[in-house]
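The chain contents come next:
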Amino acid sequence: MSLYDDAVLVLKGYEDQPELRDVYLEHLAAHPDGMYKPCQAGHLTSSALVIDPSRGRVLLTLHKKLGMWLQMGGHCEPGDTTLEAAALREAREESGIETGLTLLPGGPVRLDRHPIPAPCHWHLDVQYAALAPADATAEISDESLDLRWFAYDEVAGVADTSVVQLLESTLKRL
């Protein structure tokens, strides 16, 4: 099964946000290359909010290009076989946590469609949550300006609405 086929199956099985889910599915139907960065009409991305429930905290990265505190995530790559694998790869790469990260069961936690600068127009992000072990040690990557753990109640003060909504949805699922 291709990454494209996996994405279609994942999205068809995602029951929340039906209108936005349909936008994603329509995009993929119209753009067979819609999984990857070269698709200028927009492309799917995969991300994961790294969360440590035992300590009531989340790990956010200060994105180098955007200057915003965000969850780990990014573009799908040719070696990714599933959206889950892409989210977990991005979480490992950007958090520096090489072992022990596991995705919260149940598939994506949220979808978030946001505009990006030209030549592309949209990121259609499929958002997961990754559970970190209590002893996880984070290490900043080249893609970040900073990397920091935040208590749940601190997130709204540093991150935008999309990250706050992702945290809220993740906590409901826990």
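Above this text is the structure in question.
Starting from 1, residues in each chain are numbered consecutively following that chain's sequence as written. Residue-level local features of this predicted model are given only where pLDDT is at least 70; pairs of side-chain atoms are given and counted only at 80 or more, and the full residue set underlies all totals for whole chains, interfaces and linings. Calculated side-chain values reflect all of the structure's heavy atoms, with hydrogen atoms and water omitted.

With that settled, consider the overall build of the chain. Starting at the N terminus, helices and strands are each numbered in turn, a helix being any DSSP run of H or I of at least four residues and a strand any DSSP run of E of at least two. Counting its secondary structure elements, the chain contains 5 helices and 8 strands. Listing the helices and strands of the chain from first to last along the sequence gives α-α-β-β-β-β-α-β-β-β-β-α-α. Computation of the radius of gyration draws on C-alpha atoms, with the globule rule given as 2.2 Å multiplied by the number of residues to the power 0.38. The C-alpha atoms of the chain give 15 Å as radius of gyration, which agrees with the globular expectation for 174 residues (16 Å, within 12%). Along the longest, intermediate and shortest principal axes, the C-alpha atoms of the chain span 45 × 30 × 30 Å. Burial classes: relative accessible area under 20% of the type maximum marks a residue as buried, over 50% as exposed, and values in between as partly exposed (1.4 Å probe, protein chains only). In the chain, buried positions account for 48% of the 174 residues. Only heavy atoms matter for contacts: two residues are in contact if any of them lie within 4.5 Å across the pair. Intrachain contacts of the chain at a sequence separation of at least 6 include 66% that bridge at least 24 residues. Method for areas: the Shrake-Rupley scheme with a 1.4 Å probe, in which residue coverage is limited to the protein chains shown. For the chain, the accessible area works out to roughly 8,500 Å², and carbon and sulfur atoms hold 53% of it. Here the chain contributes 14 positively and 27 negatively charged side chains, and the mean placements of these two sets differ by 2 Å. When charges are counted, Lys and Arg contribute as positive and Asp and Glu as negative, whereas His and the chain ends are disregarded. For charged residues, the charge sits on one atom: NZ in Lys, CZ in Arg, CG in Asp, CD in Glu.

It is worth spelling out the nonpolar core at this point. In terms of nonpolar packing, the biggest core is built from 33 residues, with L44 and V50 touching the most fellow members. When residues of this core are traced back to their parent elements, those giving at least two are α1 (3–13), α2 (18–30), β1 (43–52), α3 (83–95) and β7 (122–131). If near-sequence neighbours (up to four positions away) are discounted, V50 is found in contact with R57, V58, L59, M72, A91, I97, L101, A130, A132 and W149. We call a set of buried residues a nonpolar core when its members are Ala, Val, Leu, Ile, Met, Phe, Trp, Tyr or Cys and they connect through side-chain atoms within 4.5 Å of each other. Counting residues in hydrophobic clusters, the runner-up holds 17 residues, among them L60, W69, A129 and L166.

Note on aromatic contacts: the rings of Phe and Tyr and the six-membered ring of Trp form a pair at centre separations within 6.5 Å, being stacked when their planes are under 30 degrees apart, edge-to-face when over 60 apart, and tilted otherwise. Under the defined criterion, the tally for this structure stands at 1 aromatic pair. Seen from their ring centres, W69 and F150 are 5.0 Å apart, and the 80 degrees between their planes marks the pair as edge-to-face. On the criterion of sequence distance, the pair formed by W69 in strand β3 (residues 69–70) and F150 in strand β8 (residues 144–151) is long-range, its members being 81 residues apart. Note on W69: relative accessible area 11%, which makes it buried. Owing to a relative accessible area of 5%, F150 belongs among the buried residues under this scheme. Geometrically, a lysine NZ or arginine CZ counts as sitting over a ring once it is within 6 Å of the ring centre and also within 35 degrees of the ring normal. The residue whose ring lies beneath R113 is W122, and the NZ or CZ to ring-centre distance is 3.6 Å.

It is worth spelling out the pairing of strand β6 (residues 110–115) at this point. Whether two strands pair depends on DSSP finding at least two bridges between them. Of the strand pairs in this sheet, β6 and β7 are connected by 6 bridges, and their pairing is antiparallel. Opposite R110, over in β7, you have Q127 as the bridge partner. A loop of 6 residues connects β6 with β7, the two strands running antiparallel in sequence.

Proximity of charged atoms lets side chains of opposite charge pair with each other. Take a side-chain nitrogen of Lys or Arg and a carboxyl oxygen of Asp or Glu: if they are within 4 Å of each other, that pair is a salt bridge. Summed over all chains, the structure comprises 7 salt bridges. Between D22 and R21 there is a salt bridge; the shortest N-O distance is 3.3 Å. Overall, D22 belongs to the partly exposed group, its relative accessible area being 32%. Close ionic contact of R148 with D146 constitutes a salt bridge, the shortest N to O distance being 2.6 Å. Since its relative accessible area comes to 22%, D146 is described here as partly exposed. If you follow the salt bridges from partner to partner, you end up with E77, D80, R89, E90 and E93 in one network.

Axis geometry follows a simple rule: fit a line to the C-alpha atoms, using only the stretch in contact for helices, then measure angles between N-to-C directions, giving values from 0 to 180 degrees. As a packed pair, α1 and α2 sit with axes 10 Å apart at the nearest point and diverge in direction by 155 degrees. Classified by the angle their axes make, α1 and α2 are roughly antiparallel. In the crossing of α1 with α2, the sense of the turn from one axis to the other is left-handed. Here Y4, A7, V8, L11 and K12 of α1 lie close against α2, whose contacting residues are R21, Y24, L25, L28 and A29. Residues are sorted three ways: Asp, Glu, Lys and Arg are charged, Ala, Val, Leu, Ile, Met, Phe, Trp, Tyr, Cys and Pro are nonpolar, and all the rest, Gly among them, are polar. Class assignment for the residues of the contact of α1 with α2 results in 8 nonpolar, no polar and 2 charged. Oblique is the label for any angle not covered by the other classes, which are roughly parallel (under 35 degrees), roughly antiparallel (over 145) and roughly perpendicular (65 to 115). Helix crossings fall into two classes, left-handed where the near helix is turned counterclockwise from the far one by less than a right angle and right-handed where it is turned clockwise.

A word on the layout of surface pockets. In this analysis the probe radius is 1.4 Å and the grid spacing 1 Å, with only protein atoms considered; a cavity is a set of points the probe fits into but cannot get out of, a pocket is an open set with protein on both sides within 12 Å along at least five of seven lines, and lining residues have an atom within 4 Å of a point. Grid points are joined across faces, edges and corners, and a volume is the space filled by probe spheres set on the points. Of the pockets and cavities examined, the largest pocket occupies roughly 980 Å³. Residue lining of the largest pocket: 34 residues in total, with H63, L66, H75, I116 and H123 positioned closest to the centre. For the lining of the largest pocket, the secondary-structure elements that each account for two or more residues are β1, β2 (57–63), β4 (72–75), α3, β6 and β7. Residue contributions to the lining of the largest pocket peak at 4 residues, all from α3.

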